[in-house]
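Chain by chain, the residues:
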Amino acid sequence: MSFIHKTVLLDEAVDALNIRADGIYVDGTFGRGGHSRLILSKLGPNGRLIAFDKDLHAIAEAQTITDPRFTIVHDGFASLNASLDALNVPTIDGVLLDLGVSSPQLDDGSRGFSFRFDAPLDMRMDTTRGITAADWLNSADEKDIAEVVKDYGEERFAKQVAAAIVAGRSERPLSTTGELAALVARAVRTREPGQDPATRTFQAVRIFVNRELEELALILPQALARLSVGGRFSVIAFHSLEDRIVKRFMQDQSKHDLPDRLPIRAADIPPPPLRIVGKPIRASADEVAGNPRARSAILRVAEKAAI
């Protein structure tokens, strides 16, 4: 099936990389290639782009790009160090991350990401590996389910949701998105206007199954170590949990980490590894009007400093 995908903050995220024609860049989340294609259009003949994605549909789309400057890696971006080593790429000049789930993944009911469709409860971005959402929900302890729903979904009824799932699976193992959504609807007593009761639980299970926050925490220090001086991070987040990780990393790496009352001249203190570039950028009103998913997007940019 073919799904329409509008790349969020396309120009802003790519412009933030401050692309050099002969530079080497990483697109950590190829998706349907919006950012990658724009990066390639700005590279000269000696430039290079290495893209990552777990999703087989994204890999199939990437393989339609025949540009010799382009390489696609079927893996999560947390494999950055190992993948760049295998490609004999010691340093890069920029990395772009467009985090979270993509519109095609949500709109393809068969993937199990959305409660809008009754489909097998899978939720894996990479369907060639890992445990499905159904397998985990049918085997996990009630306490573990509650913790995931609370921590990753910020669901205040997490305990009730977990209890409903465990009670429901005791009668019949969970197998579809519709079954999970129905159980959650009975457990969540109130919800924000316009939001389905299952929204937060589905988000939580998806993040857990795909290790999204763990992989984000892993790539940031790897990318910083690989960036050349002046190389940039350009990171788009769509919810508070992932944005908090990005914001904290950039802030921590842009400050001096020196003991108090250290007897050293200010001029001799080395600069911190990162410099935050500008203020966070959000999608314009026009972009949000044309693509509602953009309303929660936030772009943060940082640059590796000379040491």
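The structure displayed is predicted, hence computed values, not measured ones.

A.B. asks: Is there a simple way to think about the overall build of the chain in this case?
C.D. replies: A tally of helices and strands in the chain yields 13 helices and eight strands. Excluding contacts between residues fewer than 6 apart, the proportion of contacts in the chain whose partners are at least 24 apart in sequence is 68%. Split by element, the accessible area of the chain, about 14700 Å² in all, is 52% carbon and sulfur.

A.B. asks: Explanation requested: the environment of leucine 99 in the structure shown.
C.D. replies: For leucine 99, the position within the fold is in the loop between β4 (92-98) and α5 (103-107). The spacing of leucine 99 and isoleucine 236 is 137 residues in sequence and 6.0 Å in space, taken between C-alpha atoms. Beyond its immediate sequence surroundings of up to four residues, leucine 99 is in contact with Phe77, Leu216, Val235, Ile236, Ala237, Phe238, Glu242, Val246 and Arg293.

A.B. asks: Where do I start with the nonpolar core in this structure?
C.D. replies: Most often, soluble globular proteins have nonpolar side chains that are buried together. In terms of nonpolar packing, the biggest core is built from 37 residues, with Leu121, Met123, Leu137, Ile145 and Leu180 touching the most fellow members. Counting only elements with at least two residues in this core, the list comes to α6 (133-139), α7 (142-153), α8 (158-171), α9 (177-187) and α10 (199-209). A per-element tally of this core places α8 first, with six residues.

A.B. asks: Any chance you could explain the pairing of strand β2 (residues 48-53) here in plain terms?
C.D. replies: Note on strand geometry: in a regular strand, side chains alternate between the two faces of the sheet. In terms of residue burial, β2 counts as a mostly covered element, since five of its six residues are buried. The pairing of strand β1 (residues 24-27) with β2 spans four bridges and is classified as parallel. Following the sheet pairing, isoleucine 24 is matched in β2 by arginine 48. Between the parallel elements β1 and β2, the chain passes through helix α2 (residues 34-42) in a crossover that is right-handed. One ladder, built from five bridges, connects β2 with strand β3 (residues 70-74); its direction is parallel. Each residue of the ladder has a partner; that of alanine 51, found in β3, is isoleucine 72. The handedness of the β2 to β3 crossover, carried by helix α3 (residues 56-62), is right-handed.

A.B. asks: Just to check I follow, could you spell out the packing of aromatic side chains for this structure?
C.D. replies: Given two aromatic rings, one states the distance between the centres and the angle between the planes to describe the pair. Counted under the stated rule, the structure contains three aromatic pairs. With a centroid separation of 5.8 Å and 45° between ring planes, the pair formed by phenylalanine 30 and phenylalanine 70 is classed as tilted. In this pair, phenylalanine 30 sits in the loop between β1 and α2 while phenylalanine 70 sits in strand β3, placing the two residues 40 residues apart along the sequence. When the ring of phenylalanine 233 is compared with that of phenylalanine 249, the centres are 6.0 Å apart and the planes differ by 75°; the resulting orientation is edge-to-face. One end of the pair, phenylalanine 233, is in strand β5 (residues 227-237); the other, phenylalanine 249, is in helix α12 (residues 240-253), and 16 residues separate them in sequence. The class for phenylalanine 233 is buried, based on a relative accessible area of 0%. Using a relative accessible area of 14% as the deciding quantity, one classes phenylalanine 249 as buried.

A.B. asks: Please clarify how the pairing of β1 should be interpreted in this entry.
C.D. replies: Relative to β4, β1 is paired through three bridges, and the arrangement is parallel. Looking at β4, one finds that aspartate 27 is bridged to leucine 96.

A.B. asks: I keep staring at the side chain of threonine 201 and nothing clicks. Help me out?
C.D. replies: In this structure, threonine 201 sits in helix α10. Judged by relative accessible area, threonine 201 falls into the buried class, the value being 0%. Here threonine 201 is in contact with Val149, Val161 and Val184, once residues within four sequence places are set aside.

A.B. asks: How should I be thinking about the packing of α7 against α10 in this particular structure?
C.D. replies: Two quantities define a packed helix pair, namely the angle between the helix axes and the distance between the axes. It is the contact of α7 with α10, at a shortest axis distance of 8 Å, that shows an interaxial angle of 100°. Overall, the two elements α7 and α10 adopt an arrangement that is roughly perpendicular. Contacts from Val148, Val149, Tyr152 and Gly153 in α7 reach Arg200, Thr201, Gln203, Ala204, Ile207 and Phe208 in α10. In terms of residue class, the contact of α7 with α10 is built from six nonpolar, three polar and one charged.

A.B. asks: How should I be thinking about empty space enclosed by the protein in this particular structure?
C.D. replies: Gaps left between atoms are located by rolling a probe of water-molecule size over the structure's atoms. In total, this model carries one cavity of 30 Å³ or more according to the counting rule given. As for the largest cavity, its lining consists of 31 residues, and the residues nearest its centre are Thr29, Asp98, Leu99, Gly100 and Met125. Elements that contribute at least two residues to the lining of the largest cavity include exactly α2, β2 and α11 (212-226). For the lining of the largest cavity, the element with the highest residue contribution is α11, accounting for four residues.

Calculation rules
Residues numbered from 1 in each chain as written. Predicted model: local features only at pLDDT ≥ 70, side-chain atom pairs only at ≥ 80, totals over all residues. Heavy atoms only, no water. Helix = DSSP H or I, 4+ residues; strand = E, 2+ residues; numbered from the N terminus. Contact = heavy atoms within 4.5 Å. Areas by Shrake-Rupley, 256 points an atom, 1.4 Å probe, with all protein chains shown as cover. Core = buried A, V, L, I, M, F, W, Y, C linked by side-chain atoms within 4.5 Å. Buried < 20%, exposed > 50% of the residue type's maximum accessible area, 1.4 Å probe, protein only. Pairing = 2+ DSSP bridges. Right-handed = clockwise from strand over helix to strand, strands pointing away. Phe/Tyr/Trp six-rings, centres within 6.5 Å; stacked < 30°, edge-to-face > 60°. Axes fitted to C-alpha atoms, helices over the stretch in contact; angles between N-to-C directions. Parallel < 35°, antiparallel > 145°, perpendicular 65-115°, else oblique. Nonpolar A, V, L, I, M, F, W, Y, C, P; charged D, E, K, R; others polar. 1 Å grid on protein atoms, 1.4 Å probe; cavity = no way out; pocket = protein on both sides within 12 Å on 5 of 7 lines; lining within 4 Å. Points joined across faces, edges and corners; volume = space filled by probe spheres on them.

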